[in-house]
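Chain by chain, the residues:
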Amino acid sequence: MDQTTAKPSIRWGSFRAKFVLLVGGAVLFDLVVSGGLALWNVQRLSRDAATEVGHGLESASQDYLQSYASSTASQVSLLIDQVHSDVTVLAGIMQNQIADPALAAKIGMSAAMAYPGSTRVTYDPKGRWAQNAPGAASVVSVWGYLLGQDHLPRPDVQAEIDTSAVLDIVAPSLLRSGSSKLQMYYIGPKERPIFRTSPYTDQAQTFDRLYPGHNDANFWEFFFPGLYESWQAWAIDPSTRPTASDITQTAPYTDAITGKLIVSFFHPLWTADRKNVVGTVGADITLDQLAQIVENVKVAQSGFGFLAMSDGNVIAINKTGENTIGVNAASEGKGSGVTGVERSLRTSTQPAIAKLALNQQEGIQHLLLNVDGNQVPFMLIMKKLPATNLWSTGPVRSETMSLGIVVPEQEIYASLVTAQSKITDATNRIVAYQILAILGSLLIVTVAVLAASKRITAGVSALASAAQRIQAKDYSARVAVTSRDEVGAAAEAFNKMAEDISFHTENLEQLVEERTAEIEDAKEEISALNAQLERENRRLGSELAVAERIQMMVLPLEAELKSARTLEVAAYMRAADEVGGDYYDVLESGDRLKIGIGDVTGHGLESGVLMLMVQSVARALQEAGNTDPVKFLTDLNSALYKNIERTKIDKHVTLAFLDYDGKEMILSGQHEEVIVIRSNGTLERIDTMDLGLPIGLEADISPFVNSIRIPFEQDDIIVLHTDGVTEAENSAGELFGIDRLCAEALRLKDKSADAIVLGITNTLMEYVGSHKIHDDITLLVLRHR
């Protein structure tokens, strides 16, 4: 009975047999399963990688094309903006003369003396017009119906000639600087439409040759029908302007003088009360300047760009693009006195392009275009330019040009196809290597399990025996370390554990007493540190309270803010901490007021101390009779710089002052922008970066300090602020910003200074909500009574 029972025990019950069966079987099963899963995952990873790479490359390609379109559109807009800027400068000069006739007469007289050829015209019997002689900076043409019986300009026309002579002084400089311009000119009002153009050309002679009969018709009605009337409507109701700008551009047309395709930019001139039109200034650029930007577009191998107007007229495209999208080469059509250019998407031989002319939406579109009889997929990216006022014929209308970039999808996605092919090849190699690795691993594991089982079981048996002795509280049990593998490491760990158990069992009470004593010592040390920290907090709180009180005491009193007879002054200040680093003051000396505002870097006690230094020195200089704005700032900086060196305060101050003598403000010093709202609702933002340098950075800042004069009339408003206003954040981390501050000031412009301050701060606090205020907030409003 016993022997029968023992045989199966020896065969199946040994640890080695169990180890081989269980460990070997488990490892072999794990290799088969993990290998199969690995192969499946590789296949899945290949599919996912191809998909993700496809999406990524497609998205990257589209992002690149959109960025490229935006960049090119920005270049076109920049060119147009540069021309707008030059025309606006010329318009401003002419408008100043209109507003001040006495000044216009003086300038006209000076120009006539300096450039006699600019104001003296000679009658041409053949053409029946008068024109100045060559050699002048500009040509001025006077049409026959503007001449008297003596063939000389009527007195009012001659006055127009004299006044416009300022063009000879200004236009050459504008033509040399800024954007490249073909010519700049002045055209008189409808009653006296003299035509002055720089540089000099045979203007009237060319008009006679190209436009017979022009000398017997009103210039405006012959060449630009409907344009002058549109401007007159704007003068009556500015809201009728298609866009907010006064500048009007033309559709491309052929210039009579140069024969080039050009675009003209007009800026109407207004009467002093802006109730009517008194002529215009303008500039021409060649269409080549716009076309060059677009025609230089190069995407992939054959991608190209085009520039189209809202009616589908393509004004810029290269020859390859013309053939691809099926638009005819430029053809000319006659307008009223000018020759236009027409090349329309609507007449395209490609149906997809013809439909595009009716719906020029921004974004990416996919088109099928016929190329050599095959339907080829193309990608089109459209980007709209800012809206402008456009005249082609008749009333001025709003025009939004669109930039298009066309590129074959095959070229854009070539890298995608290559990447997917390489991913497939790599996957196949990985699968083959994985199968070989699994087979090799199966062989190695089988051999290793059989070889290691005998050695491992001996160590495990010894560990089991020693563990039973420890269980029986025989802590002297140890295991002989016979190998350097994991079993040997386990034996060493077991021996160390047995020693630790023995030691702690014998010395437990002593260890407990030592740890208890250490904890008591630590508790006493922590209590002492807490008491010291509490005393320090009370001391710092007292110091901050005193500093805060001192800071509030030196701010201007309500009576000081209300003391000015011609000004309403209101102020608001809120510190981010107990002690702020913002500064404002109103210093009165006789009939003069000095209003200051500043911001010390950072906030807290050191910033508050530096702010008090600023206030004290400013008051002392004011009382000492220092009335020169530049010297005032220079002396103040000198005193503060020495104090900052002495106190080793690593801070400085942005600081600006307004000196008011009852008529105008003198602004000096570098700080935030100064906002001026005129009584007519016009808003001005004055940058102070070139008026000074932060106080306390250099010992002598006199080379950097300047001042400007700001007219300040009845009902005008000035808003001063620190960056705590514009950089206040809402819960989404968005800044309040200078634009929002300007909008609030404009909204409240009819209120008192106190009401404006209250309205802006209420809006600011609502915007901030429960979000933490990180910087000091100071607001100062001046209103002329």
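Data block above holds the structure.
Residues numbered from 1 in each chain as written. Predicted model: local features only at pLDDT ≥ 70, side-chain atom pairs only at ≥ 80, totals over all residues. Heavy atoms only, no water.

J.: What should I look at first to understand the pattern of salt bridges in this one?
T.: Side chains that differ in charge, positive against negative, can pair when their charged atoms come close. What the rule picks out here adds up to 25 salt bridges. Across the pair Lys 562 and Glu 558 runs a salt bridge, and its minimum N-O distance is 3.8 Å. (Salt bridge = Lys/Arg side-chain N within 4 Å of Asp/Glu carboxyl O.)

J.: What is the right way to look at the pairing of strand S18 (residues 402–408) in this model?
T.: Looking along a regular strand, one sees side chains alternate from face to face of the sheet. Counting buried positions over the 7 residues of S18 gives 7, a clear majority of the element. By the alternation rule, side chains of S18 split into Ser 402, Gly 404, Val 406 and Pro 408 and Leu 403, Ile 405 and Val 407, which are all buried. With 5 bridges connecting them, strand S10 (residues 304–308) and S18 associate as antiparallel partners. Paired with Phe 304 across the bridge in S18 is Val 406. (Buried < 20%, exposed > 50% of the residue type's maximum accessible area, 1.4 Å probe, protein only. Helix = DSSP H or I, 4+ residues; strand = E, 2+ residues; numbered from the N terminus. Pairing = 2+ DSSP bridges.)

J.: What's the story with a nonpolar patch on the surface in this structure? I'm lost.
T.: On the surface, Phe 29, Val 33 and Leu 37 cluster together into a nonpolar patch covering about 300 Å² of accessible area. By the secondary structure assignment, Leu 37 is in helix H2 (residues 15–99). Classification of Leu 37 by relative accessible area gives partly exposed; the value is 48%. (Patch = residues over 30% accessible without salt bridge, like charges linked within 9 Å, V, L, I, M, F, W, Y side chains within 5 Å. Areas by Shrake-Rupley, 256 points an atom, 1.4 Å probe, with all protein chains shown as cover.)

J.: Hey, could you run me through a negative patch on the surface in this one?
T.: The grouping of Glu 513, Glu 514, Glu 518, Glu 520, Asp 521, Glu 524 and Glu 525 at the surface amounts to a negative patch. Topologically, Glu 520 is positioned in helix H14 (residues 486–553). (Lys, Arg positive; Asp, Glu negative; His and termini not counted. Charge placed at Lys NZ, Arg CZ, Asp CG, Glu CD.)

J.: Would you take a moment to explain the packing of helix H16 (residues 605–623) against helix H17 (residues 629–647) for this structure?
T.: Contact geometry of H16 with H17 gives a least axis separation of 10 Å together with a crossing angle of 140°. With respect to H17, the axis of H16 lies oblique. Handedness of the H16/H17 crossing: right-handed. Residue-level contacts link Leu 610, Met 613, Val 614, Val 617, Ala 618, Leu 621 and Gln 622 of H16 to Phe 632, Asp 635, Leu 636, Ala 639, Leu 640, Asn 643, Ile 644 and Thr 647 of H17. (Axes fitted to C-alpha atoms, helices over the stretch in contact; angles between N-to-C directions. Parallel < 35°, antiparallel > 145°, perpendicular 65-115°, else oblique. Left-handed = near helix turned anticlockwise from the far one by under 90°. Contact = heavy atoms within 4.5 Å.)

J.: Could you clarify how one ought to interpret the sheet that holds strand S14 (residues 363–371) in this entry?
T.: In sheet architecture, strand pairing relies on hydrogen bonds along the backbone and comes in two forms, parallel and antiparallel. Ordered in space as S11-S10-S18-S15-S14, the 5 strands form an open sheet in which the pairing is antiparallel. Of all the strands in the sheet, just strand S11 (314–317) and S14 have a single pairing partner and so form its edges. Neighbouring strand axes in the sheet, compared pairwise and without regard to direction, differ in orientation by 25° on average.

J.: Sorry if this is basic, but what is going on with the sheet that holds strand S20 (residues 582–589) here?
T.: Ordered by their spatial adjacency, 5 strands build an open sheet running S20-S21-S22-S23-S26, and the pairing between neighbours is antiparallel. Looking at which strands have only one partner, the edges of the open sheet turn out to be S20 and strand S26 (707–711). With direction set aside, neighbouring strand axes in the sheet form an average angle of 20°. Bridge count between strand S21 (residues 592–600) and strand S22 (residues 653–660): 8 bridges; the pairing is antiparallel. Each bridged residue has a counterpart across the sheet, and for Leu 593 the counterpart in S22 is Tyr 660. Sitting on the sheet, H16 is in contact with S20, S21 and S22, with an inclination near 15° to S20.

J.: In this structure, what is going on with the environment of Glu 645? I would like to understand it.
T.: Counting through the fold element by element, Glu 645 comes out in helix H17. Glu 645 gets classed as partly exposed once you look at its relative accessible area, which sits at 47%. Note: C-alpha distance between Glu 645 and Gly 696 (51 residues apart in sequence) is 8.9 Å.

J.: It is not clear to me how helix H3 (residues 101–114) should be interpreted in this structure. Could you clarify?
T.: One turn of an α-helix holds 3.6 residues; hence residues three or four places apart share an orientation. Helix length check: H3, at 14 residues, gives a terminal C-alpha distance of 20 Å against a target of 20 Å (1.5 Å per residue), a fit within 8%. Among the residues of H3, those classed as buried are Ala 104, Gly 108 and Ala 111. Take H3 and look down its axis: the buried residues cluster within an arc of 65°, on one side only. Across from the buried face of H3, at angles greater than 90 degrees, the exposed residues are Lys 106, Met 109, Met 113 and Ala 114. (Expected span 1.5 Å × (residues − 1). Arc of directions from axis to C-beta.)

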